[in-house]
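Reading the structure
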Amino acid sequence: MALNLGVHVHEKATAVSTPAVADVSIPFVVGAAPVHAASDPAKSNVPVLATSWDEAVARLGFSYDWKKYPLCEFMYSHFQLFGCQPVVFCNVLDTGKAGMTDGAAGDGQTAIPVVERQAALPFDAIAATIQVSTEAAFGTVLELDTDYSVLYDENAGACLVELLDGSEHYDATELYIKYGAVKPSAVEQADIVEGLGVIDSCMSKVGLVPDLICAPGWSHDPVVAAVMATKAENINGLFRAKALIDADCGEDGVRKYSDLLPWKNGNNVVDENQILCWPMVKLGDYKFHMSTQLAGLMAQVDAANGGVPYESPSNKNFKMDGCCLEDRTEVDLTFEQSNIIAGYGIVTALNFMSLGWTARNNYTACYPGNTDVKDQFIPVSRMFDFVANTLIRTFWSKLDKPMNLRLLDNIQDTCNIWLNGLVSQEYLLGARVELRASENPLTGLLAGIISFHIFLTPPVPMQECHFTLEYDVDYLTSALSLSA
C-alpha cells in the first residue's frame, strides 16, 4: 500500500446555502407586435426577453396603433413611462401562418404618388414582399437597395418606399407597387391562449420565470382570463404569478361603475391569482389598459423596496391624466365611488388629496368572496408567491441528495437565515421554519418525501386610520389659571 505522506487539505460543503432569490415584477406579455417592421425580428410564439426600449423595438418593431399591436402599448408604458425592465414578450402574430397575412394587399395596379422621393404604403405592408415598378405592367422592376429602400415610419403610420440617389428612376413622380401585408385582425382568442402556454418555456429560453401575466386588449375575454389565472397558479408545474386582468371597457362592456360587480361575477374573474382593473387610463393622446400601467407601477414599487413585493401599489402614482373607456369617453370617479369599486376587489384610479392620479385598491379579484388574508391582499399574496418561488429555486439543486440530518439542517438553516433577514428589514413581521414529526409520516420518509412547515407574516396594508377627538376640559381650566 502506497504511503500518503505530506500535508493535505480537504474541502467540506458549506452548511448553509445561498438563497436563489426569485425575480419579481417580470411581466410576461402576450399579444400582437409589428415584427415585420423590426430590424431583428423575433419568431412568433417564442419568449423574447427585452431589457431596454431599443432592444424591444429591434426584436418586435413599434407602432402607435395599439389597437392592432397591443404589445407596443405595453412596451411604451413599461420602458418609456415607468423606466422598468426586464419584460418577456410573446408575439402571436405569425406572418408565416395562413390567414395572418394578405398576399394581395397591394396588387400594383394603382399608381402611388411619390412625394419628396417617397411613396407611402400602409404600415402593415411587409418589406420582404414589396415589388416596385414605374409601369402598371411591371415590365421594369426596380431593385432594392439600388433603386429604392424601405423604411417604417411609426409616427406617420406608414411603410415608405424611398427612391435612392443615383437610381435612373430617382425623379419618378409615381410608382406601381405590389406587396403583401400582415393582418393583426386575424389574431383570435385561440392564438392568445396558445401564446400564454409559452410562459412554461421562459425558464429554459430566457432564464427567467415571470411573475406577472398580461394580455392587454384580450384579458377581458373570460376564456383568456381563466387561462391566465391557471398559468399564474402553476408555471412549469411549480412557480406562481399574478394575472393582471382588465374589465371590458368596450361598447358592450362596463360603462359605469355600478355594472362592475355583475360583470366580474358573470365572467368568473374571482381568483386569488387575478388582479382586476377598470377603466382604461389616458395620458395626452395615448390610451392604456390599466393592467399595462399597473404592471409598470408594481415593478417601480418593488424596485424601490429591494425587489421584495411586500408593498401594495395602491395610493402610488400612475402615469396618466384621466380615466376613460375604450371609445375615450371620460370616466370621472368620486372618492366614495372608488371605495365601492375597491370593495368589489377591483383596482381603479383616483385623483384625490392633491396626490395626482393614483392606483386605488389593495385586493385581488377573489375579494370579497374570499377573505383569507393570504389571498385577499395583493402584497400579502405576492409575498407568499415570492417566498414559494425562492424556496423552489434555492433547493432544487438539493433534490436526489441523500436525505440525512446534514441535508435537512442545511435546508432549515438556510430558510431561517433568509427569512430572518426579511424580518430584520421589516419585509416580514415574523417567520420561522419547523420540521414537524406529525407532517412527516414514516411512509413518506420511506418514499423520500420530507415536509417543512414555514410560518410567515407579511404586513397587511393600512387601509384605514382612525383618530378619536375628545374635548379635555382640564386644559381649559389650566389655560385660564383657574383653581378648584
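Scroll up to find the structure this text is about.
Reading the values: the criteria
- Residues numbered from 1 in each chain as written.
- Predicted model: local features only at pLDDT ≥ 70, side-chain atom pairs only at ≥ 80, totals over all residues.
- Heavy atoms only, no water.
- Buried < 20%, exposed > 50% of the residue type's maximum accessible area, 1.4 Å probe, protein only.
- Helix = DSSP H or I, 4+ residues; strand = E, 2+ residues; numbered from the N terminus.
- Pairing = 2+ DSSP bridges.
- Salt bridge = Lys/Arg side-chain N within 4 Å of Asp/Glu carboxyl O.
- Axes fitted to C-alpha atoms, helices over the stretch in contact; angles between N-to-C directions.
- Arc of directions from axis to C-beta.
- Contact = heavy atoms within 4.5 Å.
- Parallel < 35°, antiparallel > 145°, perpendicular 65-115°, else oblique.
- Left-handed = near helix turned anticlockwise from the far one by under 90°.
- Nonpolar A, V, L, I, M, F, W, Y, C, P; charged D, E, K, R; others polar.

Most of strand S17 (residues 346-351) sits out of view: five of its six residues are buried. Bridging between strand S12 (residues 274-277) and S17 involves two bridges; their strand directions are parallel. Counted as the bridge partner of Leu 276 is Ile 346 from S17. Alignment of S17 against strand S18 (residues 357-360), held across four bridges, turns out to be antiparallel. Its bridge partner being in S18, Ala 349 is matched across the sheet by Ala 359. Two successive antiparallel strands, S17 and S18, enclose a turn made up of five residues, where Met 353 displays a positive phi of approximately 60°.

Let's shift gears to the pattern of salt bridges. Pairing between side chains of opposite charge can happen when their charged atoms approach one another. Tallied over the entire structure, the rule returns 18 salt bridges. The partner of Asp 211 in a salt bridge is Arg 382, with the nearest N and O atoms 3.5 Å apart. Linking Asp 211 in the loop between helix H4 (202-206) and strand S10 (212-214) with Arg 382 in helix H10 (residues 378-395), this pair joins segments that are 171 residues apart in sequence. The exposure class of Asp 211 is buried, given its relative accessible area of 8%. The exposure class of Arg 382 is buried, given its relative accessible area of 4%. Its salt-bridge partner being Glu 311, residue Lys 316 comes within 3.2 Å of it at the nearest N-O pair. Exposure remark for Lys 316: the relative accessible area of 22% places this residue in the partly exposed category. Several salt bridges converge on common partners, so that one network encompasses Arg 432, Glu 434, Arg 436 and Glu 439.

Bringing the sheet that holds strand S7 (residues 148-153) into the picture now. Reading across the sheet, the three strands line up as S5-S8-S7 and stay open at both edges, with antiparallel pairing between neighbours. Strand pairing shows two members of the sheet lacking a second neighbour, strand S5 (118-122) and S7, which therefore form its edges. Between one strand axis and the next, the sheet turns by 25° as a mean value, whatever way the strands run.

Further remarks concern helix H8 (residues 335-343). Burial in H8 covers these residues: Ser 338, Ile 341 and Ala 342. Within H8, the buried residues cover an arc of 100° as seen down the axis, which keeps them to one side. Count one or two residues on from H8 and you reach Gly 345, which has phi positive near 80°.

Attention now goes to the environment of Pro 368. In this fold, Pro 368 is placed in the loop between S18 and helix H9 (373-376). For Pro 368, a relative accessible area of 44% corresponds to the partly exposed category. Not counting residues within four places of it along the chain, the set of residues in contact with Pro 368 comprises Lys 264, Gly 343 and Tyr 344.

Attention now moves to the environment of Ser 52. By secondary structure assignment, the location of Ser 52 is in the loop between strand S2 (48-50) and helix H1 (53-60). Residue Ser 52 is classed as partly exposed on the basis of its relative accessible area, which comes to 28%. When the C-alpha positions of Ser 52 and Tyr 427 are compared, they lie 29 Å apart, and in sequence the two are 375 residues distant.

On to the packing of H1 against helix H2 (residues 70-81). Orientation of H1 relative to H2, taken along the N-to-C sense of each, is 160°, at an axis distance of 10 Å. Overall, the two elements H1 and H2 adopt an arrangement that is roughly antiparallel. As for the relative orientation of H1 and H2, their crossing is left-handed in sense. From H1, Trp 53, Ala 56, Val 57 and Leu 60 reach across to H2, where they touch Met 75, Tyr 76, Phe 79 and Gln 80. The class makeup of the residues in the contact of H1 with H2 is seven nonpolar, one polar and no charged.

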